[in-house]
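What the coordinates show
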Amino acid sequence: MTVTYVIDGSRVTGLERFWDVIGEAVNGPGGYFGRNLDAFADCLSGGMGTPDDGDFVIEWRDHALSARALGHEETARYLHRQAGRAHESNQRRLLAESARAAQGLGPTLFDQLVEIIRDRTGTGALRLL
């Protein structure tokens, strides 16, 4: 039986809020389902509340609101924060990506999350509504 996890896109106001919303969708109030892109990808690959048989769908309602909240501005902030924590060999690249995002260029966090979901679950497991 396919399990459907519902993301209420109107509740996603930034990346930190996305982690809360997806955690609750999968594991109930206060639930955890990753708090960074790598952990999120790992969680989608099994365990952490998903069915053992991997038979689930993510229904992202009001995804356009999430796309705006996780757009270039939030992406630039995220990349800038990442640069501050990164090894010096990665800082220049992250700062350049942050500057591009601030100019409205390149993939957004929303784009990256959608790509991770589709890569880990298949294209039919994500419904953007």
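Residues numbered from 1 in each chain as written. Predicted model: local features only at pLDDT ≥ 70, side-chain atom pairs only at ≥ 80, totals over all residues. Heavy atoms only, no water.

**Focus: the packing of helix α2 (residues 37–44) against helix α6 (residues 109–121)**
The interhelical angle for the contact between α2 and α6, taken along N-to-C directions, is 30°, at an axis separation of 9 Å. As summarised for this structure, α2 and α6 are arranged roughly parallel, according to the angle between their axes. Of the two elements, α2 crosses α6, and the hand of that crossing is right-handed. Contacts between α2 and α6 involve Leu37, Phe40, Ala41, Asp42 and Leu44 from the former and Gln112, Leu113, Ile116, Ile117, Arg120 and Thr121 from the latter. (Axes fitted to C-alpha atoms, helices over the stretch in contact; angles between N-to-C directions. Helix = DSSP H or I, 4+ residues; strand = E, 2+ residues; numbered from the N terminus. Parallel < 35°, antiparallel > 145°, perpendicular 65-115°, else oblique. Left-handed = near helix turned anticlockwise from the far one by under 90°. Contact = heavy atoms within 4.5 Å.)

**Section: α6**
The end-to-end C-alpha distance of α6 is 18 Å, a good match for the 18 Å that 13 residues give at a rise of 1.5 Å each. Where α6 is concerned, the buried positions are Leu109, Phe110, Leu113, Val114, Ile116 and Ile117. The buried side chains of α6 occupy one side of the element, clustering within an arc of 160° when seen end-on. Contacts from the buried residues of α6 go to α1 (15–27), α2, β2 (56–61), α3 (63–69), α4 (72–85) and β3 (126–128). (Expected span 1.5 Å × (residues − 1). Buried < 20%, exposed > 50% of the residue type's maximum accessible area, 1.4 Å probe, protein only. Arc of directions from axis to C-beta.)

**Observations regarding the pattern of salt bridges**
Tallied over the entire structure, the rule returns nine salt bridges. One salt bridge in this structure joins Asp20 and Arg17, with 3.5 Å as the shortest N-O distance. Taken together, the residues span about one helical turn, with Asp20 and Arg17 both in helix α1 at a distance of three residues. Owing to a relative accessible area of 28%, Asp20 belongs among the partly exposed residues under this scheme. Taking the relative accessible area as the measure of exposure, Arg17 reaches 27% and is therefore partly exposed. Here Asp20 and Arg35 are joined by a salt bridge, their closest N and O atoms 2.9 Å apart. Taken together, the residues span a long stretch of sequence, with Asp20 in helix α1 and Arg35 in the loop between α1 and α2 at a distance of 15 residues. One salt-bridge network, in which partners are shared between bridges, spans Glu16, Arg17, Asp20 and Arg35. (Salt bridge = Lys/Arg side-chain N within 4 Å of Asp/Glu carboxyl O.)

**Overview of unusual backbone geometry**
The phi angle at Asp62 is positive, at roughly 50°, despite the residue not being glycine. By the secondary structure assignment, Asp62 is in the loop between β2 and α3. The class for Asp62 is partly exposed, based on a relative accessible area of 41%.

**Topic: the sheet that holds β2**
Strand order across the open sheet formed by three strands is β1-β2-β3, with parallel pairing between neighbours. If you trace the sheet from one side to the other, it starts and ends with β1 (3–8) and β3, each paired once. In this sheet, neighbouring strand axes are inclined to one another by 20° on average, regardless of whether the strands run parallel or antiparallel. As paired strands, β1 and β2 are joined by six bridges and run parallel to one another. Bridged to Thr4 within β2 is Val57. Along the sheet face, α1 touches β1 and β2 and points at about 150° away from the line of β1. (Pairing = 2+ DSSP bridges.)

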